[in-house]
Amino acid sequence: MTTPPTILVIDDEAPLRRLVRISLEAHAWQVVEAEDGRSGLVAAAMERPDVILLDIGLPDLTGFEVLLRLREFTATPVIIISARGDEEAKIKLLDSGADDYMMKPFSTSELCARIRVALRHSTTAATTTVYEADGLRIDLTARDVTAHGRSVALTSTEYQLLLAFVKHAGKTITHTQLLRDVWGPGSINELQYLRVFVNQLRKKLEADPSTPSLIVTVPGVGYRLTSSH
Amino acid sequence: MTPDRPDPDQLLRSIQEAAKSGSRGTLKIFFGMCAGVGKTYTMLEAAHDAQRQGIDVVVGLVETHGRQETERLLDGLPVVPRKVVEHRGTVLTEFDIDAVLSRAPQLVLVDELAHTNAPGSRHGKRFLDVLELLDRGISVYTTLNVQHLESRADAVAQITGFPIQETVPDSVFDAATEIELIDLPADSLLKRLHEGKVYTAAAAQRAINNFFRKGNLTALREMALRLTAEHVDVQLRSYMSSEHIAGPWRSNERILVAIGPAPSSAQLIRWARRMAAMSNTEWMVAYVDTGAGHIQVDEDRIREHLDLARELGAEVQTTASASIVQGILDIAQRENVTQIIVGKPKRRTWSLWRRTLVDVLIDRSGPIDVHTVRLDGPPTRRTMQTDPVQENARGYLSAVGVVLAIVAIGLVSVQFIGYQSIGLILMGAMVVLGMFHDRGPLLLAAIISAFLWNFLFIPPRFTLFITRPEDAMMIVLYLTVALVTGTLTMRLRQRERSMRTRETRTALLFSVAKSLSERSTMDVIVRTSVRELASMLQCEVAMYLRSPKGILEEPHPSSTFTPTAKDRSVAMWSFINNRMAGKFTDTLSSSATMSLPITGVNATHGVICFQFNDVRMSAEQQSLIESAVRLIALALDREVLVAQAATSEVARRSDELRTIILNSVSHELRTPLAVLNAAISTLRDESIHLTAEQQKKIMHDAGASTERLSRVVDHLLNMTRLESGNVRPLRQWCDVADLINSAIHIAAGGEVIVHKHIPASLPFLQADEGLLEQALVNVLENAVRYSPPDVPVNVTVADLPEGMSIIVRDSGPGVSPDDLEHLFEKFYRASTAKEGGTGLGLAIAKGFIEALNGTIEARLPQDGGLEIRIFLPLPRSTQPFTE
């Protein structure tokens, strides 16, 4: 990887774009700006960015429309930036192909962390065989899980669930996504399965299962597996 | 008339005397409907009378139109010569005012007040001459036709088709001290015309064909009569007020017209209306249902009369009473009536010895005036029918049957008990029958038994001869007893029936009133009304309410039938015109339903639509319906008023709230903004040299302010979401323990220790995770804020049979008991509140928990702090799911 990653920022608010540019360039990333949905789509096609930051409150198209059109031609990770806090909107966007979701106001350091996660997925996900984070180590080829130095025996469902988390590590995964990945499309309403197995995983993996730090609950939306730094 | 009311003649005399002593002359107008009624003639007669009384009378000007009778009357009266005026070659004679003024009589006759003077005269109009004379202290007799009165000229022109050129202002007419109406029925006038007493034969024929048509004359006559009546009335009242007599015109006159089924009652109603309009008083029409059955024609007429009365603006009162007089007087007393108007009864010869209803009414009316009005129209038969035909036939049959049975028994036993005993038995039977039957059957029974007793028993038997006077007396006695007992029974029955009617009516209305009195919402009132009306009247009822926009809504769901489009248009009409319409009324009567407006104090609340199976409706029934609808209107009025009061209360409170919001929000938004602003301007200021430490501190403050600002915005958004009713909880399985963990993480952020007491095997709860988490965060944030840093906040979760309970308890200062009940109110800040809260956190928590069908309450534990108890009676997973 010789060229620095390119981040496309689609937002109509100039000061926000400027501040984001300053922070991102400080991380040695290349920044492309677009001030509305159409120019954002053009930029996404022309510049082939590695991560797209998409504000959903755009003047011409809705963020949701932009997301759907982006997904027609690219799998580039999209991080949604939104002022809307309701869970319904979050779930809808995440289930429609958004990789992550950030609420305004946000801190730039949090934003950078999310971008890093996204970048890792877009560049290295396919080649990763060992996942490590916060005392957790998973050898994907050997199906070996170690937590805080102890080897952990997981049932096959628990392991499937953990794999689903690992696949989207660092990102918010909705209940629906998890249920579909692990139990299949017929079980997307069986939320209690998920609850039970998340609790079981936590008991086996977390240092303190009552205050989980690995598998974090995103209330009303889903879960997130803390990613390594 | 009450004794304190002065006699009008007396009054006029006093006016005349007063005028005589004053400097101004009096004006007397001889007023007629048209030429030829005899105004001039009457005026001249009056002048002779005055002359005989020693008054100095002169004739200023009198037009006799060549009528000989009139001309003869001029004899003996001094005449002031007319002035001769030449105008364009024509010689005219005019009233010579100067001559009269110099002659200075006490009274001058000036004919034709409306006359236009010849050009060049002093005044253009003769009435101006007259006014001058009056000013000079000379009294004037003059004549005037109604068509010359300014205000009536148009109307007359319209009626007759002749434009009126010469008019006299009404003020002159009003100023007249006396108006004498020369009234002549149209027919008499036409007769006079034909006889040539008014015009010459040729002119008369022309006049008859044009102006003097009977219809014209009648209309003019009515106009003249009315004007005169009004004039007297105005005079009387102005005199009374000028002399401060507090006499006859009581301040609140109320006229009551008693009506019955006679066709002439309509006339009576119209008469009363005129009287009421003239004296500007309230009036009502009363009908007393004696309980005696009426034949259908009468029932219908009564209804027509009551409708007419309503149409003419009368208040309609009906009552049930066996005695008409008592019924009228009851209403009169209840309604503070001062005058009662009744039709003058046409005496029948047989009733000469009998006191009429009017006589009784006058006797018993006490301080109330009773007016009788003579009514035209065919005399009405007393239309009292005892009973419906069927029952009557049964009555006749059974009466005759009893008589025949006794006679049959008598035939067998006559040789043992004697024929006179049989007479007595028959007499006894008559009395017994009297207890059950009315006059008719009894009379028949009496006649038959008299005949049979005579024919079969009185010797010589099988003849109608009576030899002994006792037997003859017996027969007379039969008839008397039958009549007397029959009449008594009938009266008793009537009374009983009217009592019963009144009783049922009172009972029905009472039940409606009772069920309406306690109700609290519009909807309940409507439902109750529909139910009560339907059961009370045995009919189908639909009720329309007025929408807030003032139009009629769709029929209320509780309606017992679905009105058709036609019914709806009837209801609409009734609503718009605020009058009843549809079946049994004059408007849209072909409709299948009857609509009554619910007339409230300020507005028509709606319309009630009735669907009757009956072919006709009795006055009694109608009055019952009206009373019930009035009750409903009252109930709705009450609700409207209560609602209005509540609205204004809400408005007041929302006003208060707006002020609080503005204060609170502006403080909460501005404070962090001020910090941010200060931080940024400090950093931007190049003249200030900050150490790295200082910079870090400023940045930290700015960050904290941002968080605070963001929380305020979150709270406001959540509150708005709640207020707009936009909270739709999802139902999904939630892990409450997990939620509490994440809420603690957000709320406490590791600054305050939170102790959790959560059962190991807590079932999942079916709730909205997002809402529950936000509520928990808010409650926890509150607890953390008030807890001292070293004392833990306790969170206890319990799975109870009815639901899940979450208790958050802090060790802070708590609140005062007064604050406790307001803790969950928007923008409420307890007296112990710390700086920096929005006053929304707990309100939002309450809103969200209630959206989840849960409850939240605050308590003050014995050992200090504050305890928030959340209870969620929601489904829980029965057993944990395992692989």
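Rules used in this analysis
Residues numbered from 1 in each chain as written. Chains lettered and ligands numbered in written order. Predicted model: local features only at pLDDT ≥ 70, side-chain atom pairs only at ≥ 80, totals over all residues. Heavy atoms only, no water. Helix = DSSP H or I, 4+ residues; strand = E, 2+ residues; numbered from the N terminus. Buried < 20%, exposed > 50% of the residue type's maximum accessible area, 1.4 Å probe, protein only. Contact = heavy atoms within 4.5 Å. Areas by Shrake-Rupley, 256 points an atom, 1.4 Å probe, with all protein chains shown as cover. Buried area = accessible area lost by both parts, 1.4 Å probe. Salt bridge = Lys/Arg side-chain N within 4 Å of Asp/Glu carboxyl O. Axes fitted to C-alpha atoms, helices over the stretch in contact; angles between N-to-C directions. Parallel < 35°, antiparallel > 145°, perpendicular 65-115°, else oblique. Nonpolar A, V, L, I, M, F, W, Y, C, P; charged D, E, K, R; others polar. Arc of directions from axis to C-beta. Core = buried A, V, L, I, M, F, W, Y, C linked by side-chain atoms within 4.5 Å. Pairing = 2+ DSSP bridges. 1 Å grid on protein atoms, 1.4 Å probe; cavity = no way out; pocket = protein on both sides within 12 Å on 5 of 7 lines; lining within 4 Å. Points joined across faces, edges and corners; volume = space filled by probe spheres on them.

Engineer: Quick question: what am I supposed to make of the overall build of chain A here?
Structural biologist: Tallying secondary structure elements over chain A gives eight helices and twelve strands in all. Across the 229 residues in chain A, those meeting the buried criterion constitute 50%. Summarising the internal contacts of chain A: among those between residues at least 6 apart in sequence, 58% fall at separations of at least 24. In the form shown here, chain A has an accessible surface area of approximately 10400 Å², with 51% of it arising from carbon and sulfur atoms.

Engineer: How do you make sense of the interface of chain A and chain B when you look at a structure like this?
Structural biologist: How big an interface is tends to be reported as the loss of accessible area on association of its parts. Contacts between chain A and chain B engage 23 residues on the former and 17 residues on the latter. Roughly 1800 Å² of surface becomes buried between chain A and chain B when both sides are summed, with 54% attributable to carbon and sulfur atoms. Joining chain A to chain B, the criterion identifies two salt bridges. The partner of B:Glu769 in a salt bridge is A:Arg195, with the nearest N and O atoms 3.0 Å apart.

Engineer: Is there a simple way to think about the packing of helix α7 (residues 175-183) of chain A against helix α8 (residues 191-205) of chain A in this case?
Structural biologist: How two helices pack is summed up by the angle between their axes together with the distance between the axes. All names here are of chain A. Between α7 and α8, the least distance of the axes is 10 Å, while the angle of their chain directions is 85°. Taken as axis vectors, α7 and α8 run roughly perpendicular relative to one another. Between α7, through His-175, Leu-178, Leu-179 and Trp-183, and α8, the contact on the second element is made entirely by Leu-191, Tyr-193, Leu-194, Arg-195 and Phe-197. Classifying every residue of the contact of α7 with α8 gives seven nonpolar, one polar and one charged.

Engineer: Explain helix α6 (residues 150-160) of chain B here, please?
Structural biologist: One turn of the α-helix equals 3.6 residues, which is why residues spaced by three or four share an orientation. All names here are of chain B. Among the residues of α6, those classed as buried are Ala-153, Val-156 and Thr-160. One side of α6 carries all its buried residues, which in axial view fall inside an arc of 75°. What points out from α6, more than 90 degrees from its buried face, is the exposed set Asp-154 and Gln-158.

Engineer: Can you walk me through the nonpolar core in this structure?
Structural biologist: Proteins that are soluble and globular tend to have nonpolar side chains buried together. Counting 60 residues, the largest nonpolar core has B:Ile29, B:Phe31, B:Cys34, B:Leu109, B:Leu133 and B:Leu144 as the members making the most contacts within it. With sequence-adjacent residues up to four places away left out, B:Ile29 is seen in contact with B:Leu113, B:Thr142, B:Leu144, B:Val172, B:Phe173, B:Ala176, B:Glu178, B:Ile179 and B:Glu180.

Engineer: Where do I start with the sheet that holds strand β10 (residues 172-174) of chain A in this structure?
Structural biologist: Strand pairing in a sheet relies on backbone hydrogen bonds, with the paired strands running either antiparallel or parallel. Residue and element names in this part refer to chain A. Spatial ordering of the open sheet is given by β10-β12-β11, a layout of three strands whose pairing is antiparallel. Unpaired on one side and paired on the other, β10 and β11 (215-218) mark the two borders of the sheet. Recorded for the sheet is a direction-independent mean angle of 35° between the axes of neighbouring strands. Packed onto the sheet, α8 meets β11 and β12 (222-225) and runs at close to 145° relative to β11.

Engineer: Looking at this structure, how should I read empty space enclosed by the protein?
Structural biologist: Which parts of space are left empty comes out when a probe the size of a water molecule is rolled across the atoms. Residue and element names in this part refer to chain B. Per the stated rule, a full pass over the model turns up four cavities of 30 Å³ or more. The volume enclosed by the largest cavity comes to roughly 390 Å³. If you go around the largest cavity, you meet 27 residues; those closest to its centre are Asn-782, Tyr-786, Tyr-828, Arg-829 and Leu-842. Put simply, the parts of the chain that give the lining of the largest cavity at least two residues each are α22 (692-723), α24 (769-786) and α26 (841-851). Ranked by the residues each element gives to the lining of the largest cavity, the list is headed by α24, at five residues.

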